[in-house]
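Here is what each chain is made of, one letter per residue.
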Amino acid sequence: MKKSNSICIVLGMLCLVACGEQDTSFLITENSVGPLFKETPTKDLEAIFSKDSVVMDTSNLKVGASARKIKVFEKGGKHLLTLTPNQDSIPTVENIRIFDSRYESKEGLGLKSSFKDIKTYYTIKKIVTTISSVVVFPKESNLYFTLDKADLPSSLRYTNSNIEAVQIPDETKIKYLMMGWD
């Protein structure tokens, strides 16, 4: 009787552990985007994304040079990520542009999020205004967000002057989601 109770307890604990594991295939953290980590050498990308297609930008390659852009597609053809490697002796990924809305932070922040969500989870360090967009840089994150000026009020769409956070409507959607690792 004691032996069967012990087996039941062990099986129950294993069930709890297995059920509690979170799928991190599309999780964004400060040091990872899905299965890709900050320290991952670019030579390991094909193995990491073995179920997907990894496409190197070879148009500008010279013999022995590394790719300038690396695109990752699901086998069905959906664009997941575009990676920009650094130029170190052992290249790692420096910047990631996230194309798939399944990638989200633990708070649920992703391409389906709005400017209000950014303000909720981050303190804004800097906002850079470009001709067609506004780039938002949070203080405590390597993530940064691009908002389309076309989604802003007409008084802000055609200005090249600095746009402040208070001028951006809460419902403005994220156009691009990027991760920048130094």
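Residues numbered from 1 in each chain as written. Predicted model: local features only at pLDDT ≥ 70, side-chain atom pairs only at ≥ 80, totals over all residues. Heavy atoms only, no water.

Trainee: Residue-level account of the pattern of salt bridges, with values.
Mentor: Under the defined criterion, the tally for this structure stands at six salt bridges. A salt bridge links Asp100 to Lys78, with the shortest nitrogen-to-oxygen separation between them at 3.9 Å. Taken together, the residues span a long stretch of sequence, with Asp100 in the loop between β7 (93–98) and β8 (104–105) and Lys78 in the loop between β5 (70–73) and β6 (79–85) at a distance of 22 residues. The salt bridge partner of Asp170 is Lys119, with a shortest N-O separation of 2.6 Å. Here Lys119 lies in helix α3 (residues 115–121) and Asp170 lies in the loop between α4 (154–157) and β12 (176–180), a separation of 51 residues in the sequence. Asp170 gets classed as partly exposed once you look at its relative accessible area, which sits at 31%. It is possible to trace a salt-bridge network through shared partners that takes in Glu74, Lys78, Asp100 and Arg102. (Salt bridge = Lys/Arg side-chain N within 4 Å of Asp/Glu carboxyl O. Helix = DSSP H or I, 4+ residues; strand = E, 2+ residues; numbered from the N terminus. Buried < 20%, exposed > 50% of the residue type's maximum accessible area, 1.4 Å probe, protein only.)

Trainee: Requested: an account of the nonpolar core, with residues and values cited.
Mentor: If you look at the biggest cluster of nonpolar residues, it comprises 34 residues, and the most contacted ones within it are Leu81, Leu83, Ile96 and Phe145. With sequence-adjacent residues up to four places away left out, Leu81 is seen in contact with Val33, Phe49, Ile70, Lys71, Val72, Ile96, Arg97, Ile98, Phe99 and Tyr103. (Core = buried A, V, L, I, M, F, W, Y, C linked by side-chain atoms within 4.5 Å. Contact = heavy atoms within 4.5 Å.)

Trainee: Requested: an account of the pairing of β6, with residues and values cited.
Mentor: For β6, a buried count of seven out of seven residues is recorded, marking the element as mostly surrounded by other parts of the structure. The pairing of β5 with β6 spans four bridges and is antiparallel. When the bridges of β6 are listed, Lys71 appears paired with Thr82. Hairpin connection from β5 to β6: five residues lie between these consecutive antiparallel strands, with Gly77 at a positive phi of about 105°. Across five bridges, β6 lies against β7 in antiparallel orientation. Residue pairing for β7: Leu81 is matched across the bridge by Ile98. (Pairing = 2+ DSSP bridges.)

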